[in-house]
Amino acid sequence: MDSLCRGVFAGNSQELSIRSCFPSLFQAEQSHRSVLLGLLLGAGKRPQPDSALIQKARAERWSQWSLRGGLETLPQALDAYLTSKGVTILRGQPACSLTLEAGGFWKVSLGDSSLEANHVISAVPAPVLSQLLPLKAAPLASTLATITAVSVAVVNLQYQGAQLPVQGFGHLVPSSEDPGVLGIVYDSVAFPEQDGSPPGLRVTVMLGGSWLHALEAGGQVLSQEVLGQLAQEAAATQLGLKEPPSRCLVHLHQNCIPQYTLGHWQKLEMVTRFLAAQKLPLTLAGASYEGVAVNDCIESGRQAAIHVLGADPNS
């Protein structure tokens, strides 16, 4: 569980909530007093959305998916589709504050300009939203501010003429073995068509999480060079890739994975009650609440649309 918590949430297994992070495990134990027995009997399964693509994924037993050109093509496609439907997308204009006007609509301040909205769907991280809310929503803001996040360094390494000693998706590393390295993904095994020309073995080393959070809290900052070196040492020690990589790309994602610590579900209940009691025209979406994976965020957006429209947008 330590490795699983680090692989999914980059977090400390002693601080995370099983109920919020892995609800199927929680429901299985609650229903049958045993996680294994509950899972065998199908406890904890929630209704799943369906589509032709989902049916294809099930039939072909996809374990993972990607997009030609990378995952950035997903927001690019959304941008093109929405723009074609007449939706205005503002870029480079971060929201500075939200003010609830007398007419029941929001005034969204954008620095040098502002706009009005009869409803706001917020997909920014919870602590960011807490800084934007008006004084009337102070209880909501204080709760959102407690949903913290950790940073993760993603290091992409490519090796020419190298081979992996094992096959599979990748591996996770327990904190007892290496507190800094979360795991390594074998990119070339899953998507060899993305190995480039000439092809080279690709792996992704993930570092950081609660370990990096502790370093940052102590005022220690790791450079990209140090993070890249740590990743190369991990690949050499754990996979035998001892030759220097032909390419090394380091990206440090600050506060990228929210931490569902003990009591997270109670925070969400408080948020729901407050929004209903105050009748605020505000819907929350994104990784801060009910899932940090890409699939979870997609579903979060779908549910937000259903809530605002009052019906399934696909119906």
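Let me sum up the structure you'll find in this document. (Residues numbered from 1 in each chain as written. Predicted model: local features only at pLDDT ≥ 70, side-chain atom pairs only at ≥ 80, totals over all residues. Heavy atoms only, no water.)

1. Description of the sheet that holds strand E3 (residues 114-117)
Phase 1: Taken in spatial order, the three strands line up as E1-E2-E3 in an open sheet, and their pairing is antiparallel. Only two strands of the sheet have a single neighbouring strand rather than two, namely strand E1 (97-100) and E3. Between one strand and the next, the sheet's axes are offset by a mean angle of 25 degrees, whatever the strand orientation. (Pairing = 2+ DSSP bridges. Helix = DSSP H or I, 4+ residues; strand = E, 2+ residues; numbered from the N terminus. Axes fitted to C-alpha atoms, helices over the stretch in contact; angles between N-to-C directions.)

2. So, the sheet that holds strand E5 (residues 149-159)
Phase 1: Spatial strand order, E6-E7-E8-E5-E9: five strands in an open sheet with antiparallel pairing. The outermost strands of the open sheet, each flanked by one partner alone, are strand E6 (170-172) and strand E9 (247-258). Each neighbouring strand pair of the sheet contributes to a mean axis angle of 20 degrees, computed without reference to strand direction.
Phase 2: Two elements, strand E7 (residues 181-185) and strand E8 (residues 201-208), share four bridges in a ladder whose sense is antiparallel. Each bridged residue has a counterpart across the sheet, and for valine 185 the counterpart in E8 is threonine 204.
Phase 3: Packed onto the sheet, helix H11 (residues 224-239) meets E5, E6, E7, E8 and E9 and runs at close to 65 degrees relative to E5. (Contact = heavy atoms within 4.5 Å.)

3. What to know about the side chain of arginine 202
Phase 1: Considering the arrangement of structural elements, one finds arginine 202 in strand E8.
Phase 2: You can call arginine 202 buried: its relative accessible area is 16%.
Phase 3: For arginine 202, the side chain forms a polar contact with the main-chain oxygen of phenylalanine 191, separated by 2.8 Å.
Phase 4: Reaching out from arginine 202, the side chain makes a polar contact with the side chain of aspartate 195 at a distance of 2.7 Å.
Phase 5: Look past the residues within four positions of arginine 202 in its chain and what remains in contact with it is Leu157, Gln158, Val185, Tyr186, Asp187, Ser188, Phe191, Gln194 and Asp195. (Buried < 20%, exposed > 50% of the residue type's maximum accessible area, 1.4 Å probe, protein only. Polar contact = N/O pair within 3.5 Å; in protein donor to acceptor, adjacent residues only side chain to side chain.)

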